[in-house]
Amino acid sequence: MAFTIRDFQPADFDLLWRIDQECFSPGISYSRAELRAYMRRRGSFTLVATTLVTTGDASSIMADTDTGKSEKSSPTTASSQGVVGGFIVAEADNRGSGHIVTIDVVKTARRSGVGSLLLRAAEERLRAAMCGSVELETAVDNLSALSFYKRHGYSVVRMFPRYYSNGVDALVLEKDLVGK
């Protein structure tokens, strides 16, 4: 299934927040206010991975984010512009650094290249904003995320003890965007 990247639209917000709640445990996932604040910060942008699918194909990726069950009639991953496979929130500061705030991929779209597509698109946008590097945080126990980021050229640069509200430490990863 082919996903395309588009810019966030305000009508997407509730769906993206529900996806964040599904992707991360309490204490790591964002409250509505936190997610909205990050998306509105100066220099931030949100990209959404969507696909237009036929009704027969939709059930394979449209999972209800509350129950995990397929819902053909009212999929919670559907937006007015297709089925959402995931999203990324990133920001560029005025000192030439980028930051990935969150990258969320719905469970049924994982391992299909959606995360890589979102990450590459965000990195391209950060390069265009003249960012020479990009950083992100991930929980020390999120081994699949660590593996994903390392495959994409990120390296651990430091640790923040008790970074998340649930007390979990975070690793800070960084990637050089110059010449890549």
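## Considerations on the nonpolar core
One broad trend across soluble globular proteins is that nonpolar side chains are buried collectively.
Then, number 1: One finds Ile100 and Tyr149 to be the most contacted residues of the largest nonpolar core, which totals 43 residues.
Then, number 2: In this view, Tyr149 contacts Ile103, Leu119, Leu136, Thr138, Tyr154 and Leu173; residues no more than four positions away in its chain are not counted.

## Notes on the side chain of Glu137
Then, number 1: Residue placement: Glu137 occurs in strand S6 (residues 133-139).
Then, number 2: Polar side-chain contacts of Glu137 include one of 2.8 Å to the side chain of His99.
Then, number 3: Of the polar contacts made by the side chain of Glu137, one reaches the side chain of Tyr163; its length is 3.4 Å.
Then, number 4: With residues up to four places along the chain from it excluded, the contact list for Glu137 reads His99, Ile100, Tyr163, Tyr164, Ala170, Leu171 and Val172.

## Some thoughts on the packing of aromatic side chains
Then, number 1: Applying the stated rule across the entire model yields 5 aromatic pairs.
Then, number 2: Ring geometry for Tyr30 versus Tyr38: centroids 5.1 Å apart, planes at 55°, classification tilted.
Then, number 3: Where Tyr149 meets Tyr154, the ring centres are 5.6 Å apart and the plane angle is 65°; that geometry is what we call edge-to-face. For the pair formed by Tyr149 and Tyr154, the shared burial category is buried.
Then, number 4: Across the ring face of Phe13, the terminal group of Arg36 is positioned such that the distance to the ring centre comes to 3.9 Å.
Then, number 5: If you follow Arg125 out to its NZ or CZ, it ends over the ring of Phe45, 5.0 Å from the centre.

## With respect to helix H5 (residues 143-151)
Then, number 1: Regarding H5, the residues found buried are Ala145, Leu146, Phe148 and Tyr149. Across the axial projection of H5, the buried residues extend over an arc of 160°, all falling on one side. Exposed residues on H5 whose side chains face more than 90 degrees from its buried face are Leu143, Ser144, Lys150 and Arg151.
Then, number 2: Of the surrounding elements, those touching the buried residues of H5 are strand S5 (97-105), helix H4 (114-128), S6 and strand S8 (170-176).
Then, number 3: Gly153 sits one or two residues past H5 and shows a positive phi near 90°.

## Comments concerning unusual backbone geometry
Then, number 1: A positive phi angle is found at Arg111, which is not glycine, with a value near 65°.
Then, number 2: Relative to the assigned elements, Arg111 resides in the loop between S5 and H4.
Then, number 3: The class of Arg111 is exposed, set by a relative accessible area of 81%.
Then, number 4: Although it is not a glycine, Met130 adopts a positive phi angle of roughly 70°.
Then, number 5: Within the secondary structure layout, Met130 lies in the loop between H4 and S6.

Calculation criteria
Residues numbered from 1 in each chain as written. Predicted model: local features only at pLDDT ≥ 70, side-chain atom pairs only at ≥ 80, totals over all residues. Heavy atoms only, no water. Core = buried A, V, L, I, M, F, W, Y, C linked by side-chain atoms within 4.5 Å. Buried < 20%, exposed > 50% of the residue type's maximum accessible area, 1.4 Å probe, protein only. Contact = heavy atoms within 4.5 Å. Helix = DSSP H or I, 4+ residues; strand = E, 2+ residues; numbered from the N terminus. Polar contact = N/O pair within 3.5 Å; in protein donor to acceptor, adjacent residues only side chain to side chain. Phe/Tyr/Trp six-rings, centres within 6.5 Å; stacked < 30°, edge-to-face > 60°. Lys NZ or Arg CZ within 6 Å of the ring centre and 35° of its normal. Arc of directions from axis to C-beta.

Geometry only, nothing functional implied.
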